[in-house]
Amino acid sequence: MAKGIFISLPVADVGRSTVFYEAIGCTRDPRFSGDQAAAMVWSDTITFMLARHDFYGTLTTKPIADVAATSAALFALSCDTREAVDAFAASALAAGGREVHGAEDHGFMYSRGVEDPDGHGFGPVWMDEAATDAAMELA
(Lines give C-alpha, C1' and ligand atoms only; values in the text may rest on other atoms or scores of the structure.)
Protein backbone atom coordinates (compact mmCIF):
# COMPACT_ATOMS: atom_id res chain seq x y z
CA MET A 1 0.00 0.00 0.00
CA ALA A 2 1.35 3.43 -0.96
CA LYS A 3 1.76 5.97 1.81
CA GLY A 4 -1.31 8.15 2.03
CA ILE A 5 -3.28 10.39 4.29
CA PHE A 6 -6.82 9.91 5.60
CA ILE A 7 -8.16 13.13 7.08
CA SER A 8 -11.15 12.65 9.39
CA LEU A 9 -13.45 15.66 9.58
CA PRO A 10 -16.51 16.02 11.81
CA VAL A 11 -19.58 17.11 9.84
CA ALA A 12 -23.15 17.90 10.81
CA ASP A 13 -24.75 16.34 7.72
CA VAL A 14 -22.93 13.57 5.82
CA GLY A 15 -25.20 13.91 2.77
CA ARG A 16 -24.75 17.67 2.46
CA SER A 17 -20.99 17.33 2.95
CA THR A 18 -20.79 14.55 0.36
CA VAL A 19 -22.39 16.86 -2.22
CA PHE A 20 -19.86 19.59 -1.37
CA TYR A 21 -16.81 17.30 -1.59
CA GLU A 22 -18.02 15.83 -4.89
CA ALA A 23 -18.38 19.39 -6.21
CA ILE A 24 -14.73 20.18 -5.41
CA GLY A 25 -13.52 17.07 -7.21
CA CYS A 26 -13.65 14.20 -4.73
CA THR A 27 -15.14 10.80 -5.47
CA ARG A 28 -17.16 8.93 -2.84
CA ASP A 29 -15.72 5.50 -2.01
CA PRO A 30 -18.79 3.33 -1.26
CA ARG A 31 -16.66 0.73 0.56
CA PHE A 32 -16.13 3.14 3.44
CA SER A 33 -19.31 5.21 3.23
CA GLY A 34 -22.71 4.97 4.85
CA ASP A 35 -25.07 6.86 7.14
CA GLN A 36 -22.36 7.71 9.68
CA ALA A 37 -19.49 8.62 7.38
CA ALA A 38 -18.39 9.09 3.77
CA ALA A 39 -14.93 8.43 2.38
CA MET A 40 -14.22 11.15 -0.20
CA VAL A 41 -11.17 10.46 -2.37
CA TRP A 42 -9.26 13.55 -3.54
CA SER A 43 -6.32 11.66 -5.08
CA ASP A 44 -4.64 8.26 -5.00
CA THR A 45 -3.09 9.19 -1.67
CA ILE A 46 -5.53 11.63 -0.03
CA THR A 47 -8.97 10.75 1.36
CA PHE A 48 -11.28 12.88 3.50
CA MET A 49 -13.37 10.85 5.95
CA LEU A 50 -16.49 12.87 6.64
CA ALA A 51 -17.82 11.61 9.95
CA ARG A 52 -21.12 12.58 11.52
CA HIS A 53 -20.46 14.27 14.87
CA ASP A 54 -21.69 11.37 17.00
CA PHE A 55 -19.54 8.90 15.03
CA TYR A 56 -16.52 11.22 15.02
CA GLY A 57 -16.88 11.36 18.81
CA THR A 58 -16.05 7.64 18.97
CA LEU A 59 -12.63 8.37 17.42
CA THR A 60 -11.44 10.79 20.11
CA THR A 61 -11.97 11.61 23.78
CA LYS A 62 -11.55 15.34 23.11
CA PRO A 63 -14.43 17.72 22.45
CA ILE A 64 -15.16 18.34 18.77
CA ALA A 65 -13.97 21.79 17.69
CA ASP A 66 -16.54 24.25 16.39
CA VAL A 67 -14.72 25.08 13.16
CA ALA A 68 -17.38 27.62 12.27
CA ALA A 69 -16.04 29.72 15.17
CA THR A 70 -12.39 28.67 15.49
CA SER A 71 -9.71 27.45 13.10
CA ALA A 72 -8.52 23.91 13.72
CA ALA A 73 -6.67 23.24 10.45
CA LEU A 74 -6.34 24.59 6.91
CA PHE A 75 -5.94 22.29 3.93
CA ALA A 76 -4.08 23.51 0.85
CA LEU A 77 -4.99 21.42 -2.19
CA SER A 78 -2.84 21.72 -5.30
CA CYS A 79 -4.42 22.51 -8.65
CA ASP A 80 -2.91 22.25 -12.14
CA THR A 81 -3.67 25.82 -13.25
CA ARG A 82 -4.87 29.20 -12.01
CA GLU A 83 -8.15 28.52 -13.78
CA ALA A 84 -8.51 25.27 -11.84
CA VAL A 85 -8.09 27.23 -8.59
CA ASP A 86 -10.92 29.55 -9.63
CA ALA A 87 -13.07 26.60 -10.77
CA PHE A 88 -12.48 24.87 -7.41
CA ALA A 89 -13.59 27.99 -5.54
CA ALA A 90 -16.64 28.49 -7.78
CA SER A 91 -17.67 24.86 -7.30
CA ALA A 92 -17.20 25.13 -3.54
CA LEU A 93 -19.37 28.24 -3.36
CA ALA A 94 -22.08 26.73 -5.56
CA ALA A 95 -22.19 23.64 -3.31
CA GLY A 96 -22.78 25.56 -0.07
CA GLY A 97 -19.26 26.64 0.83
CA ARG A 98 -18.17 30.11 1.91
CA GLU A 99 -15.42 32.29 0.47
CA VAL A 100 -12.88 33.30 3.11
CA HIS A 101 -10.76 35.40 0.77
CA GLY A 102 -10.58 36.05 -2.93
CA ALA A 103 -7.63 35.46 -5.19
CA GLU A 104 -4.12 35.94 -3.83
CA ASP A 105 -1.70 36.28 -6.72
CA HIS A 106 2.02 36.22 -5.95
CA GLY A 107 3.06 35.58 -9.54
CA PHE A 108 4.62 32.18 -8.83
CA MET A 109 1.68 31.16 -6.61
CA TYR A 110 -2.07 31.71 -6.93
CA SER A 111 -4.65 30.71 -4.31
CA ARG A 112 -8.13 31.25 -2.94
CA GLY A 113 -9.67 30.57 0.47
CA VAL A 114 -12.95 28.72 0.98
CA GLU A 115 -14.71 26.78 3.71
CA ASP A 116 -16.93 23.74 3.46
CA PRO A 117 -20.49 23.95 4.89
CA ASP A 118 -19.17 23.05 8.37
CA GLY A 119 -16.35 25.63 8.34
CA HIS A 120 -13.33 23.46 7.47
CA GLY A 121 -10.84 25.68 5.60
CA PHE A 122 -9.47 24.92 2.14
CA GLY A 123 -6.97 26.78 0.00
CA PRO A 124 -6.88 25.61 -3.57
CA VAL A 125 -3.44 26.63 -4.83
CA TRP A 126 -1.44 26.62 -8.07
CA MET A 127 2.34 27.06 -8.09
CA ASP A 128 4.84 27.54 -10.89
CA GLU A 129 7.60 25.27 -9.58
CA ALA A 130 10.46 26.97 -11.46
CA ALA A 131 9.33 30.45 -10.46
CA THR A 132 8.79 29.23 -6.86
CA ASP A 133 12.40 28.03 -6.67
CA ALA A 134 13.64 31.38 -8.02
CA ALA A 135 11.46 33.37 -5.60
CA MET A 136 12.69 31.33 -2.61
CA GLU A 137 16.31 31.94 -3.59
CA LEU A 138 15.67 35.69 -3.34
CA ALA A 139 14.15 35.38 0.15
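Enquirer: Got a sec to walk through helix α1 (residues 14-23)? Specific residues and values, please.
Expert: Among the residues of α1, those classed as buried are Val14, Ser17, Thr18, Phe20 and Tyr21. Considered in projection along α1, the buried side chains sweep an arc of 165° and stay on one side of the axis. Positive backbone phi, at 110°, marks Gly25, one or two positions downstream of α1.

Enquirer: Any details on the pairing of strand β7 (residues 109-115)? Residues and values, ideally.
Expert: Burial analysis of β7 places six of its seven residues in the buried class, the great majority of the element. Strand direction decides the pairing type here: strand β6 (residues 98-105) and β7, joined by five bridges, are antiparallel. The residue of β7 that forms the bridge with Arg98 is Glu115. Connecting β6 to the antiparallel partner β7 that follows it, the hairpin turn spans three residues, and Gly107 within it adopts a positive phi of roughly 80°. Here β7 pairs with strand β8 (residues 121-127) via five bridges, running antiparallel. Of the residues in β8, the one forming a bridge with Ser111 is Val125. In this structure, the hairpin formed by β7 and β8 is closed by a connection of five residues, where Gly119 is found at a positive phi of approximately 105°.

Enquirer: How would you summarise the state of the cysteines if you had to cite specific residues and measurements?
Expert: Following the criterion strictly, the structure yields zero disulfides and no others. Not part of a disulfide, Cys26 finds its nearest cysteine sulfur in Cys79, a span of 11 Å. The exposure class of Cys26 is buried, given its relative accessible area of 6%.

Enquirer: Any details on the sheet that holds β8? Residues and values, ideally.
Expert: Read from one edge to the other, the open sheet built from four strands follows the order β5-β8-β7-β6, with strand pairing classed as mixed. Each edge of the open sheet carries a strand with a single partner, namely β5 (74-78) and β6. Strand-to-strand twist of the sheet, defined as the mean angle between neighbouring strand axes without regard to direction, takes the value 20°. Sheet strands in contact with helix α3 (residues 82-94) are β5, β6, β7 and β8, and its direction is about 5° off that of β7.

Enquirer: Explain the side chain of Ser17 to me, and be specific about the residues and the numbers.
Expert: Examined against the element boundaries, Ser17 turns out to sit in helix α1. Residue classification places Ser17 among the buried positions, given a relative accessible area of 0%. If sequence neighbours within four positions are ignored, Ser17 has contacts with Val11, Leu50 and Asp118.

Enquirer: Outline the nonpolar core, listing residues and values.
Expert: Grouped together as the largest cluster of nonpolar side chains are 20 residues, with contacts concentrated most on Leu9, Tyr21, Met40, Phe48, Leu50 and Phe122. Sorting the residues of this core by element identifies β1 (5-11), α1, β3 (37-43), β4 (46-52), β5 and α3 as the ones contributing at least two each. Residue contacts for Leu50: discarding those within four places in its chain leaves Leu9, Val11, Val14, Ser17, Thr18, Tyr21, Gln36, Ala37, Ala38 and Met40.

Parameters at a glance
- Residues numbered from 1 in each chain as written.
- Predicted model: local features only at pLDDT ≥ 70, side-chain atom pairs only at ≥ 80, totals over all residues.
- Heavy atoms only, no water.
- Buried < 20%, exposed > 50% of the residue type's maximum accessible area, 1.4 Å probe, protein only.
- Helix = DSSP H or I, 4+ residues; strand = E, 2+ residues; numbered from the N terminus.
- Arc of directions from axis to C-beta.
- Pairing = 2+ DSSP bridges.
- Disulfide = S-S within 2.5 Å.
- Axes fitted to C-alpha atoms, helices over the stretch in contact; angles between N-to-C directions.
- Contact = heavy atoms within 4.5 Å.
- Core = buried A, V, L, I, M, F, W, Y, C linked by side-chain atoms within 4.5 Å.

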